[in-house]
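As a plain string of letters, each chain reads:
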Amino acid sequence: MLTKYWNMRWGRALLMIALMATMASVMSQRAAAQGALRVVTTLPDLESIAKHIGGDHVETFSIAAGFQNPHFVDPKPSFIRQLSRADLFVTVGLDLESGWVPPLLNSARNPGILQGAPGYVDASVNVPLLQTPTSVTREQGDIHVYGNPHYWLDPARGKIIAKNILDGLVRLQPENRSYFEGNLERFNEEMDMHIAEWLAQMEPYKGARIVAYHNSWPYLAERFGLDVVDFLEPKPGIPPTPSQLAKIIRLMSEEDIGVIIIEPYFKTDAADLVARKTNGEVVVLATSVGAEESIRTYFDLFDYNVDKLVESFGDPN
Ligand SMILES: [Zn+2]
């Protein structure tokens, strides 16, 4: 009788323990799902910064690849799926992605990541812009209407992008504020250290005059003291014309300019032609993380570009 009673008690206790274990596992699974915020960015540079700040509280996905032209990205069903499940959406803004982001957001039907919602981060907030027009004249073509949108190519502005991403993460997970802020602090410290090194490497070439294919480089040029004097594109987004190329060839010959910078996603024939006629050199710089396999982080992006520039300018002595 007593044995039976004990057996019943044990049975009940074991059942309770099993139930509690199941509940704990369900709750921890739910916590894990809540823990990792799904961050979708337009560019891999924003994704890299989001990883630095979000750490193990984020899962990230970048819509564009680093070797693509960020102004023109073809929509894919997988992008819509990613956006429909996203907690946070991070965009360069201005009009950089205006041709492809609005249709993707419309199709994703996720009110939490629309402009004005807590899950929407415009990375350009508080970023000092260059080449902002005094009126909308389309003088800068149809794709740089609100000022030059390629601001992530200045590593110091990367710190402002990081702060904007932090603000978005804190809106969604205020309980992890100090974790995100610690990551931001480390990111900024690392960035300052790197910037000092990059500036030292570029110091001998201050004031160097160069030509570029597309107007992607004003922020990089300003940071490192380069002077981009003209572009193979007559206007941003308009392919090189014979008259523009003739003008560039004249300019480079007369002013002894020897370097033509080109983005990885443009055909090099026009730049090669100009280089042949002027004894110049075509230098492919990376516009984003992932443009080359070795460029895995936002820091790598500038390591790569600074090395490439130093190599192309040659020995300062
Ligand atoms: Zn552009």
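Above this text is the structure in question.
What you are looking at is a predicted structure, and each value in this text was computed from that prediction instead of being measured. (Residues numbered from 1 in each chain as written. Predicted model: local features only at pLDDT ≥ 70, side-chain atom pairs only at ≥ 80, totals over all residues.)

Engineer: Please clarify how the sheet that holds strand β4 (residues 120-122) should be interpreted in this entry.
Structural biologist: Pairing between the strands of a sheet is mediated by backbone hydrogen bonds and can be parallel or antiparallel. Reading across the sheet, the four strands line up as β2-β1-β3-β4 and stay open at both edges, with parallel pairing between neighbours. Bordering the open sheet on either side are β2 (58-62) and β4, each of which pairs with just one other strand. Adjacent strand axes in the sheet meet at a mean angle of 20°, parallel and antiparallel pairs treated alike. Taken together, the three bridges between strand β3 (residues 88-91) and β4 define a ladder with parallel strand orientation. Pairing of F89 across the sheet is with Y120, part of β4. (Pairing = 2+ DSSP bridges. Helix = DSSP H or I, 4+ residues; strand = E, 2+ residues; numbered from the N terminus. Axes fitted to C-alpha atoms, helices over the stretch in contact; angles between N-to-C directions.)

Engineer: What am I meant to see in the environment of H144 here?
Structural biologist: Within the secondary structure, H144 sits in the loop between β4 and α5 (155-172). The exposure class assigned to H144 is buried, which follows from the 26 C-beta atoms found within 10 Å. C-alpha separation for the pair H144 and K235, spaced 91 residues apart in sequence, amounts to 9.5 Å. Excluding its chain neighbours within four sequence positions, the residues that come into contact with H144 are Q131, P149, N215 and P236. (Buried ≥ 20, exposed ≤ 12 C-beta atoms within 10 Å, placed from the backbone. Contact = placed C-beta atoms within 7 Å.)

Engineer: Is there a simple way to explain the pairing of β2 in this structure?
Structural biologist: Residues in a regular strand point their side chains to alternate faces of the sheet. Residues V58, T60 and S62 point to one face of β2 and are all buried, whereas E59 and F61, pointing to the other face, are not buried. Examined bridge by bridge, strand β1 (residues 37-41) and β2 share five bridges and lie parallel to one another. Across the sheet, V40 pairs through a bridge with F61, a residue of β2. Between the parallel elements β1 and β2, the chain passes through helix α2 (residues 44-54) in a crossover that is right-handed. (Right-handed = clockwise from strand over helix to strand, strands pointing away.)

Engineer: Please clarify how unusual backbone geometry should be interpreted in this entry.
Structural biologist: Excluding glycine, a negative phi dihedral is what most residues carry, and trans is how most peptide bonds are arranged. With a phi angle near 50°, R109 is a residue other than glycine that sits in the positive phi range. Along the chain, R109 turns up in the loop between α4 (101-108) and β4. We note that N126 has phi near 70°; this positive angle belongs to a residue other than glycine. Within the fold, N126 resides in the loop between β4 and α5.

Taken by themselves, the reported measurements are silent on function.
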